[in-house]
Amino acid sequence: MSVSLPPLRDVIARHGLSASKALGQNFLFDEKLLDRIAAIPGPLAGEHVYEVGPGPGGLTRALLRAGAKVVAVERDRRCLPALAELAEAFPGQLRLIEGDALKIDPYTEIGAPFHIVSNLPYNVGTALAVGWLGGCEWPPTWKSLTLMFQREVADRIVSSPGTGAFGRLAILAQWRSSASIAMSVHRSAFTPPPKVMSAVVHMTPKDAPAGVRMSVLENLTAAAFGQRRKMLRQSLKSVPRALAALSITGIAEDRRPETVSIAEWCALAREVG
């Protein structure tokens, strides 16, 4: 859809907006960059998209231009008037929710399969992602996650066993989804520029290993990576049946958690039950 919109910088100036450090906000103005992010999930015409922390609506514009039907959750009421202007410019495509995304179930709001595309607020991004990756029901109601993180967090999500970045986040992300870094974003692209680089991670669900429960995997990895410098025999002794599961699966007790593959973590979780 071709809609003439004023430059985002003009909208921000007119509404007197500035990024809130307390809310983890950093604004993106580059329309071409935002269009590239919106293109990562694939064609969005007629697709449902859930966005968290749209701020003044830079990425929201790109999603709407791509033809998506967007539900956007924003807790900063200063941004709502600017977003309301977008809703008027794209009739029937944008619904705004003022609230805390940590307390909102997107499926309840959308009622259909959807993509999640967000420049996530840095202070809640990891918690939101873990929540969307969690849950007992699988496959999930989301079709894909396209999420902007600090580069360090993005590297942890896509990391491999045996690397310093590998830990709980990689396991919880990859045991039943595919994760890759879709693009890097320089700190200078943001206003105000953050102190760190960023990256967009793209995740799609895949079949979950049979007999593995998310809650067990979370307990195991919390215990192991909470003491990641210790051997498994020490860090997992607080988890019932974990040491026996090590023996059954043939995973040596003197290994450290970052050396254990995702398939091995799944095997442990299956034995622990």
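Residues numbered from 1 in each chain as written. Predicted model: local features only at pLDDT ≥ 70, side-chain atom pairs only at ≥ 80, totals over all residues. Heavy atoms only, no water.

Undergrad: So what's going on with the overall build of the chain? Which residues, and what values?
TA: In terms of helices and strands, the chain carries 12 helices and 9 strands. In terms of overall dimensions, the chain is globule-like: its C-alpha atoms have a radius of gyration of 20 Å, near the 19 Å expected for 273 residues. By its C-alpha atoms, the chain is 65 × 40 × 25 Å across when sized along the principal axes. Scored against the burial criterion, the 273 residues of the chain give a buried share of 47%. Restricting to contacts in the chain with at least 6 residues of sequence separation, those with at least 24 account for 67%. For the chain, the accessible surface area stands at approximately 12,400 Å², while carbon and sulfur atoms represent 52% of it. Charge centroids of the chain, computed over 31 positive and 24 negative side chains, lie 6 Å from each other. (Helix = DSSP H or I, 4+ residues; strand = E, 2+ residues; numbered from the N terminus. Rg over C-alpha atoms; globule rule 2.2 N^0.38 Å. Buried < 20%, exposed > 50% of the residue type's maximum accessible area, 1.4 Å probe, protein only. Contact = heavy atoms within 4.5 Å. Areas by Shrake-Rupley, 256 points an atom, 1.4 Å probe, with all protein chains shown as cover. Lys, Arg positive; Asp, Glu negative; His and termini not counted. Charge placed at Lys NZ, Arg CZ, Asp CG, Glu CD.)

Undergrad: Give me the lowdown on the packing of aromatic side chains, citing residues and values where you can.
TA: Tallying each qualifying case throughout the model produces 5 aromatic pairs. Geometrically, the ring pair formed by Trp-138 and Trp-142 is edge-to-face, given 5.9 Å between the ring centres and 85° between the ring planes. Of the two residues examined, Trp-138 and Trp-142, each falls in the buried class. A ring pair is formed by Phe-166 and Phe-225, whose centres lie 6.4 Å apart and whose planes are at 75°; its orientation type is edge-to-face. Separated by 59 residues along the polypeptide, Phe-166 in the loop between α7 (151-158) and α8 (168-174) and Phe-225 in helix α9 (residues 214-225) bring together distant segments of the chain. Both residues of the pair, Phe-166 and Phe-225, count as buried. An aromatic cluster is built from Tyr-50, Phe-114 and Trp-132, whose rings are joined through pairwise contacts. (Phe/Tyr/Trp six-rings, centres within 6.5 Å; stacked < 30°, edge-to-face > 60°.)

Undergrad: Tell me about the packing of helix α2 (residues 31-39) against helix α3 (residues 58-65), residues and numbers included.
TA: The interhelical angle for the contact between α2 and α3, taken along N-to-C directions, is 60°, at an axis separation of 8 Å. In terms of orientation, α2 and α3 fall into the oblique class. In this structure, α2 crosses over α3, and the sense of that crossing is right-handed. Residues Glu-31, Leu-34, Asp-35, Ile-37 and Ala-38 of α2 pack against Gly-58, Leu-59, Arg-61, Ala-62, Leu-63 and Arg-65 of α3. For the contact of α2 with α3, the per-class residue count stands at 6 nonpolar, 1 polar and 4 charged. (Axes fitted to C-alpha atoms, helices over the stretch in contact; angles between N-to-C directions. Parallel < 35°, antiparallel > 145°, perpendicular 65-115°, else oblique. Left-handed = near helix turned anticlockwise from the far one by under 90°. Nonpolar A, V, L, I, M, F, W, Y, C, P; charged D, E, K, R; others polar.)

Undergrad: Break down the pairing of strand β2 (residues 48-52) for me, citing the residues and quoting the values.
TA: When you tally the buried positions in β2, you get 4 out of 5 residues, the bulk of the element. Inspection of the sheet shows β2 paired to strand β3 (residues 69-74) by 5 bridges, in the parallel sense. Among the inter-strand pairings, Val-52 is bridged to a residue of β3, identified as Val-73. Crossover connection from β2 via α3 to parallel β3: handedness right-handed. Pairing analysis gives 2 bridges linking β2 to strand β5 (residues 114-119), with the strands arranged parallel. From the neighbouring strand, Tyr-50 faces β5, where its bridge partner is Ile-116. (Pairing = 2+ DSSP bridges. Right-handed = clockwise from strand over helix to strand, strands pointing away.)

Undergrad: Can you tell me about the side chain of Ser-118, naming the residues and giving the values?
TA: For Ser-118, the position within the fold is in strand β5. Of the residues examined, Ser-118 reaches a relative accessible area of 3% and is grouped as buried. The residues touching Ser-118, leaving out its near neighbours within four places in the chain, are Tyr-50, Glu-51, Val-52, Leu-59, Thr-146, Leu-147 and Met-148.

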